[in-house]
Amino acid sequence: MKKKLIVMVLAVVMVITLCACKGNTPKEPTDPTTNPDGSGEPTYGGELIVGIQTDLEASLDPHVSSSSAGTREILFNVFEGLVKPDSDGNLIPAIAESYVVNDQADEYTFTLREGVLFHNGNPVTVGDVVYSLSRAAGLDTGTPLVSDVAGIASVEAVDDKTVVVKLASPDTEFLAHVTTAIIPEGLDHNTEIVGTGPFKLTSRKVQESVVLEKFEDYWGEPAYLDKVTLKLIDSAETLVMSLKSGAIDMAGHLISSQISELDNMNVLEGSSNAVQAMYLNNAFEPFQDVRVRQALCYGIDKQAILDLAFDGHGSLLGSSMFPAFGKYFMEELTNYYEYDPNKAKELLKEAGYDGTLEFTITVPSSYQQHVDTAQVIVEQLKAIGVTAEINQVEWATWYDETYKGRNFEATIISFDSHGVAASDLLARFQSAHGKNMINFNSAAYDAKYQEAVSTTDDAAQTAAFKECERILTEEAANVYIQDVASFVALGKGFGGYEFYPLYVCDFAKIYKIAE
């Protein structure tokens, strides 16, 4: 993209203002498909110490704590559903060894796997499955805990190995939602963290650490490591120092400005598999006007953001879908709004905001990639007469006030997919959806989304989901930016890390390399 004079000026400004100092050249990423040092064999045993930048949510009840990507990433290793995703994005049997879907896609029959144990040693029964799915769907309370399974009408055990789930309406994507954790009945799930995964959670010190230990009676392929300790390090600078000193063995979700210093580590490059955007509260008066939202889309140079804040790493986006979901990703929407400051100023003038638009961008301070993005955007918006201020807050404050309370004007964050269904990314923008934090309200979107989830024709469903993406873009629901490049630093004595097309880290596959 041809750079404008403003970008040249901005580059000078941002070299000074970006809080993450850049190295001259990013460290060349290691090929994640091989052992990090190209040699050695995996061994069983040992401990991995991982630095994490945000603490887990207060509750580790898997049916309650599913909104935080960081929490889900860790609990992926502790809990399992009837099926689970693999590193290629395929749904594979887990607690259920097989399943059958009827022609109408409104009845799913699951046959449970023999010999699956909970971490407390008790076997998983059909009663536990009925309890878990009924609880998540809110069948007894009327209030679903997991929105993905809110369409369940009934769950019934027909014998000691078989469970039938009936839906209120057809849903060909429902299988992707039974990754919902199966948990034992009769426990306090806020305090008793009991799953069936390859690791069990053995201790947690709030604002300090979490310890996972290998579950010796796991039904599947056992974990290599005996123990994974996750230490909270909420300072980006301290995290890098800890990696350099060897105090920790691994950290994920790093950005390009951090990896250039890590000569003692192997660095793997993947993508966040998430949609980073400046999310706009459509209930905030200026953003109720589509012309204002469109003006912001024209007034932000996405490529300059990648170049200035991310050393060119990342994949540009134009709607709420990322490239790993190849079936649904629409490349043609990426440059729907070409950078055009003059067009942006015209739209703002038409809407009555000729140099008068002001708003605040709330950003969780522990996510350096979002802070850096906000800093570039603030400078870019000056060129179209818009004044934006950054309000950095702690993650817990962002989650409670911005995400849940919807008390914000704009925010920069990445929304990931916690499964392998298009609805994971698109459901939240329905007008009445509980996770519609931006208060987007479009009858056309609501109708098209319902069309997508109701049809049993794959081609028709794909087309409908793509139309949902197009509506989000055309109505400028948000200012879509990128799927942020995600770097993982892993100690040279470890191997086996695999990227998934969703926001998880599979600790069971990581191993120490034999000396």
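For clarity, every value in this text was computed on a predicted model and none was experimentally measured.

1. A word on the overall build of the chain
Within the chain one finds 13 helices and 22 strands. The C-alpha radius of gyration of the chain comes to 23 Å, within 12% of the 24 Å expected for a compact globule of 515 residues. The principal-axis extent of the C-alpha atoms belonging to the chain is close to 70 × 55 × 35 Å. Across the 515 residues in the chain, those meeting the buried criterion constitute 57%.

2. Here's the deal with the packing of helix H7 (residues 302-310) against helix H9 (residues 368-382)
Helix packing for two helices is described by the angle between their axes and how far apart those axes are. Where H7 contacts H9, the axes come no closer than 10 Å and their chain directions differ by 125 degrees. In terms of orientation, H7 lies oblique with respect to H9. For the element pair H7 and H9, the recorded crossing hand is right-handed. Two secondary-structure elements touch here, H7 through Ala304, Ile305, Leu308, Ala309 and Phe310 and H9 through Gln369, Asp372, Thr373, Val376, Ile377 and Gln380. Taken together, the residues of the contact of H7 with H9 sort by class into 7 nonpolar, 3 polar and 1 charged.

3. Section: the pattern of salt bridges
Taken as a whole and assessed by the stated rule, the structure comprises 11 salt bridges. As a salt-bridge pair, Asp289 and Arg291 come within 2.8 Å of each other at their nearest N and O atoms. Two residues, Glu379 and Lys382, come together in a salt bridge whose shortest N-O distance is 3.3 Å. Of this pair, Glu379 and Lys382 both sit in helix H9, 3 residues apart, roughly one helical turn. Among the residues examined, Glu379 registers a relative accessible area of 19% and is labelled buried. Each of the salt bridges in this network shares a partner with another, and the network as a whole consists of Glu97, Glu114 and Lys161.

4. Considerations on helix H6 (residues 290-298)
For H6, the buried fraction is high: 7 of the 9 residues fall into the buried class. Within the sequence span of H6, burial applies to Val292, Arg293, Gln294, Ala295, Leu296, Cys297 and Tyr298. Residues of H6 that are buried sit in contact with strand S14 (274-280), helix H8 (341-350), strand S16 (358-364), H9, helix H13 (458-474) and strand S19 (478-483).

5. Let's talk about unusual backbone geometry
Trans is the common state for peptide bonds, and a negative phi is the common state for residues other than glycine. Despite not being glycine, Ala105 has its phi angle at roughly 60 degrees, a positive value. With respect to the element layout, Ala105 can be found in the loop between strand S5 (96-101) and strand S6 (107-112). For Ala105, a relative accessible area of 5% puts it in the buried group. Backbone geometry at Gln207 places phi at a positive 60 degrees, although glycine is not the residue there. For Gln207, the position within the fold is in the loop between strand S9 (199-205) and strand S10 (209-214). What makes Gln207 exposed here is its relative accessible area of 53%.

6. Things to note about the sheet that holds S19
Read from one edge of the open sheet, 6 strands run S15-S19-S14-S18-S16-S17, paired in mixed fashion. Each edge of the open sheet carries a strand with a single partner, namely strand S15 (315-316) and strand S17 (387-393). One ladder, built from 4 bridges, connects S14 with S19; its direction is antiparallel. Within the sheet, the bridge partner assigned to Tyr279 lies in S19 and is Asn478.

7. Quick look at the pairing of S6
Across the two faces of S6 the burial differs, with Tyr108, Phe110 and Leu112 buried and Glu107, Thr109 and Thr111 not buried at all. For S5 and S6, the ladder comprises 5 bridges, and the chain directions are antiparallel. Following the sheet pairing, Val101 is matched in S6 by Tyr108. Connecting S5 to the next strand, S6, in antiparallel fashion are 5 residues, including Ala105 with a positive phi near 60 degrees. As defined by bridge partners, S6 adjoins strand S8 (residues 162-167) across 5 bridges and the pair is classed as antiparallel. Following the sheet pairing, Thr111 is matched in S8 by Thr162.

8. Quick word on the sheet that holds S6
Read from one edge to the other, the open sheet built from 4 strands follows the order S5-S6-S8-S7, with strand pairing classed as antiparallel. The outermost strands of the open sheet, each flanked by one partner alone, are S5 and strand S7 (152-157). Averaged over all pairs of adjacent strands, the angle between strand axes in this sheet comes to 20 degrees, irrespective of strand direction.

What counts as what
- Residue indices follow the written sequence of each chain, beginning from 1 at its first position.
- Local features in this predicted model are restricted to residues whose pLDDT is 70 or higher, and side-chain atom pairs enter the listing and the counts only when it is 80 or higher, whereas totals over whole chains, interfaces and linings include all residues.
- Remark: hydrogens and water are excluded; side-chain values derive from all non-hydrogen atoms of the structure.
- Going along the chain from the N terminus, every DSSP run of H or I of four or more residues is numbered as a helix, and every run of E of two or more is numbered as a strand.
- For a compact globule the rule gives 2.2 Å times the number of residues to the power 0.38, and the radius of gyration it is set against comes from C-alpha atoms.
- Burial classes: relative accessible area under 20% of the type maximum marks a residue as buried, over 50% as exposed, and values in between as partly exposed (1.4 Å probe, protein chains only).
- Structural elements are reduced to axes, namely lines fitted to C-alpha atoms, with helices fitted over the stretch in contact, and the angle between N-to-C directions of any two is expressed from 0 to 180 degrees.
- Orientation labels follow simple angle bins: below 35 degrees gives roughly parallel, above 145 gives roughly antiparallel, 65 to 115 gives roughly perpendicular, and whatever is left gives oblique.
- By the definition used in this description, the sense in which the near helix is turned from the far one sets the handedness, with an anticlockwise turn below a right angle giving left-handed and a clockwise turn giving right-handed.
- Whether two residues are in contact is decided by their heavy atoms: any pair within 4.5 Å suffices.
- Any residue outside Ala, Val, Leu, Ile, Met, Phe, Trp, Tyr, Cys, Pro, Asp, Glu, Lys and Arg is labelled polar, Gly included; the first ten of those are nonpolar and the last four are charged.
- Salt-bridge detection follows one rule: a side-chain nitrogen of Lys or Arg within 4 Å of a carboxyl oxygen of Asp or Glu.
- One requirement defines pairing of two strands: DSSP has to find at least two bridges between them.

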